[in-house]
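Listed below, chain by chain, are the residues.
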Amino acid sequence: MIKEIRMIPYHIRQAFKGMFRHLGMTLSAIVAVIITLLLLGIFLCVAGNVSLFASNIEGGLQIHATLDPDIDTEEELEEAGNVLKEMDNVAAATLSTKDEELELMIKEKGEAFAMYRGEENPLNNAFFITVVDADQIAQTCEAISQLDFVKDAVYGGASVSQLIHILDLVRQGGLVFVILLFLLTAYLISSTIRTTIYARSKEIAIMRNVGASNHFIKVPFMIEGVLIGLIGAVLPCILTYFGYNWLYDEIGGRLFTNLFALQPVIPFTLYVAAALAACGVIVGLVGSFASTTRYLHWKR
């Protein structure tokens, strides 16, 4: 173990020598990694904001349950609230009195409805109900509408549910896309390392003839793959930070409404940059390990 630790500086030097000896292939691998990680960075920014949009929509999605006119006393309203809170998939139930309902209507539809303030108020008391699982909101709304003390229960409708479904599909498709990009990057680095190994086949043969172990031969190539992945991640990380920062400032941090607010520049871009750097290192390590293992096993 101590011997292996002492050999680390030697392996690092060998990795750098290998990179400079085959500079053309190294640069081509780095460029391939840069392009792939740039695409990955763009997609991670999109996926992160789509996930936030979906969370905002789901968090703001509520059922509006209008009560029967007879439900008017404090005891009846409290009992109705307790019944609603105990239902499946209900996270919270907030009372909105008929006066508050009228104020909401005036705010949404104009001062023409202000004439109904006071005893002329024709509206009923209601509850705004937040659900646990937005995917089950239609079923929850239907169950609430069946309660004896509920006159009517509505939510955003099928269009909102469809939007949430689409955003979920985008998130799921994004995961598949990330995996494909990861595999593509690993393949590119693996191909470069494999080409480097073939170019140094005589050197490897000599090392094996003098008794070098497979581990001793592999390590410099694995370090080389890690360095290629790490160097290739530098430019995508920089472009991701400044590009996202510019876009955030240009559109004021949101798309149309606060419901579609973008992820804050910090720490979001730092998370994306860390993910890109980690991806570069991992795929470099995996790609180089796979290539050297396959070659040394084939040449055994």
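What this report covers is the structure whose coordinates are included nearby. Being a predicted model, the structure only gives us computed values, none of them experimental.

Details of the environment of Ala15
Then, in step 1: Structurally, Ala15 is set in helix 2 (residues 8-21).
Then, in step 2: Residue classification places Ala15 among the buried positions, given a relative accessible area of 0%.
Then, in step 3: Note: C-alpha distance between Ala15 and Leu227 (212 residues apart in sequence) is 8.5 Å.

Notes on the pattern of salt bridges
Then, in step 1: One pass over the structure, following the stated rule, counts 1 salt bridge.
Then, in step 2: The partner of Glu103 in a salt bridge is Arg117, and the shortest N-O contact between them spans 2.8 Å. Here the residue Glu103 occupies a position in helix 5 (residues 98-109), and Arg117 occupies one in the loop between helix 5 and strand 3 (126-131), the gap between them amounting to 14 residues.
Then, in step 3: Note on Glu103: relative accessible area 36%, which makes it partly exposed.

Let's talk about helix 5
Then, in step 1: Between the first and last C-alpha of helix 5 there are 16 Å, a value that for 12 residues agrees with the 16 Å anticipated at 1.5 Å per step.
Then, in step 2: Buried residues of helix 5: Glu101, Leu102 and Ile106, and no others. Down the axis, helix 5 shows its buried residues gathered within 140° of arc, on one side only. Counted as exposed and oriented over 90 degrees from the buried face of helix 5: Lys107 and Glu108.
Then, in step 3: Looking at the buried residues of helix 5, the elements they touch are strand 1 (62-67), strand 2 (90-96) and strand 3.
Then, in step 4: Among the residues trailing helix 5, Gly110 stands out with phi positive, at a value near 115°.

Some thoughts on helix 4 (residues 74-85)
Then, in step 1: Across its 12 residues, helix 4 extends 16 Å between first and last C-alpha, which sits within 8% of the 16 Å expected from 1.5 Å per residue.
Then, in step 2: For helix 4, the full list of buried residues reads Leu77, Ala80, Gly81 and Leu84. Down the axis, helix 4 shows its buried residues gathered within 100° of arc, on one side only. Turned more than 90 degrees away from the buried face of helix 4, the exposed residues are Glu75, Glu78 and Glu79.
Then, in step 3: Buried-residue contacts for helix 4 involve strand 1, strand 2, strand 3 and helix 6 (137-145).

With respect to the side chain of Asn121
Then, in step 1: In this structure, Asn121 sits in the loop between helix 5 and strand 3.
Then, in step 2: Asn121 gets classed as buried once you look at its relative accessible area, which sits at 8%.
Then, in step 3: A polar atom in the side chain of Asn121 sits 2.9 Å from the backbone nitrogen of Leu123.
Then, in step 4: Once residues lying within four places of it in the same chain are set aside, the contact partners of Asn121 are Lys98, Asp99, Leu102 and Tyr116.

Quick look at the pairing of strand 1
Then, in step 1: A large share of strand 1 lies buried, amounting to 5 of its 6 residues.
Then, in step 2: Where strand 1 and strand 3 come together, 5 bridges link them in antiparallel fashion. The residue bridging Gln62 from the neighbouring strand is Thr130, located in strand 3.
Then, in step 3: Pairing of strand 1 with strand 4 (residues 150-154), which is carried by 4 bridges, proceeds in the antiparallel orientation. Its bridge partner being in strand 4, Ala65 is matched across the sheet by Ala153.

Examining the environment of Leu147
Then, in step 1: Of note, Leu147 is situated in the loop between helix 6 and strand 4.
Then, in step 2: Once the C-alpha coordinates of Leu147 and Ala80 are considered, the two residues, 67 residues apart in sequence, prove to be 9.6 Å apart.
Then, in step 3: Those residues within four positions of Leu147 in sequence are excluded, and the remaining contacts are Val83, Leu84 and Met87.

Observations concerning the nonpolar core
Then, in step 1: Within the largest apolar cluster, 27 residues are counted, with the highest numbers of intra-cluster contacts made by Ile63, Leu84, Ile129, Ile144, Phe149 and Val150.
Then, in step 2: Elements supplying a minimum of two residues to this core: helix 3 (23-60), strand 1, helix 4, strand 2, strand 3, helix 6, strand 4 and helix 7 (158-199).
Then, in step 3: Residues in contact with Ile63, not counting those within four places in the same chain, are Phe127, Phe128, Ile129, Val131, Ile137, Thr140, Cys141, Ile144, Ala153, Val154 and Tyr155.
Then, in step 4: Counting 26 residues, the second largest nonpolar core, distinct from the first, contains Leu37, Cys45, Val219 and Leu227.

A word on the packing of aromatic side chains
Then, in step 1: In this structure the tally under the stated criterion is 3 aromatic pairs.
Then, in step 2: Here Tyr241 and Phe242 contribute two aromatic rings whose centre-to-centre distance is 5.0 Å and whose plane-to-plane angle is 80°, an arrangement assigned as edge-to-face.
Then, in step 3: Ring centres of Tyr244 and Tyr248 lie 6.4 Å apart, and the angle between their planes is 35°; on these two criteria the pair is classed as tilted. Of the two residues, Tyr244 and Tyr248 both sit in helix 9 (residues 214-250), 4 residues apart, roughly one turn of that helix.
Then, in step 4: Overall, the relative accessible area of 7% leaves Tyr244 in the buried class.
Then, in step 5: The class of Tyr248 is partly exposed, set by a relative accessible area of 24%.

Definitions and cut-offs
Residues numbered from 1 in each chain as written. Predicted model: local features only at pLDDT ≥ 70, side-chain atom pairs only at ≥ 80, totals over all residues. Heavy atoms only, no water. Helix = DSSP H or I, 4+ residues; strand = E, 2+ residues; numbered from the N terminus. Buried < 20%, exposed > 50% of the residue type's maximum accessible area, 1.4 Å probe, protein only. Salt bridge = Lys/Arg side-chain N within 4 Å of Asp/Glu carboxyl O. Expected span 1.5 Å × (residues − 1). Arc of directions from axis to C-beta. Contact = heavy atoms within 4.5 Å. Polar contact = N/O pair within 3.5 Å; in protein donor to acceptor, adjacent residues only side chain to side chain. Pairing = 2+ DSSP bridges. Core = buried A, V, L, I, M, F, W, Y, C linked by side-chain atoms within 4.5 Å. Phe/Tyr/Trp six-rings, centres within 6.5 Å; stacked < 30°, edge-to-face > 60°.

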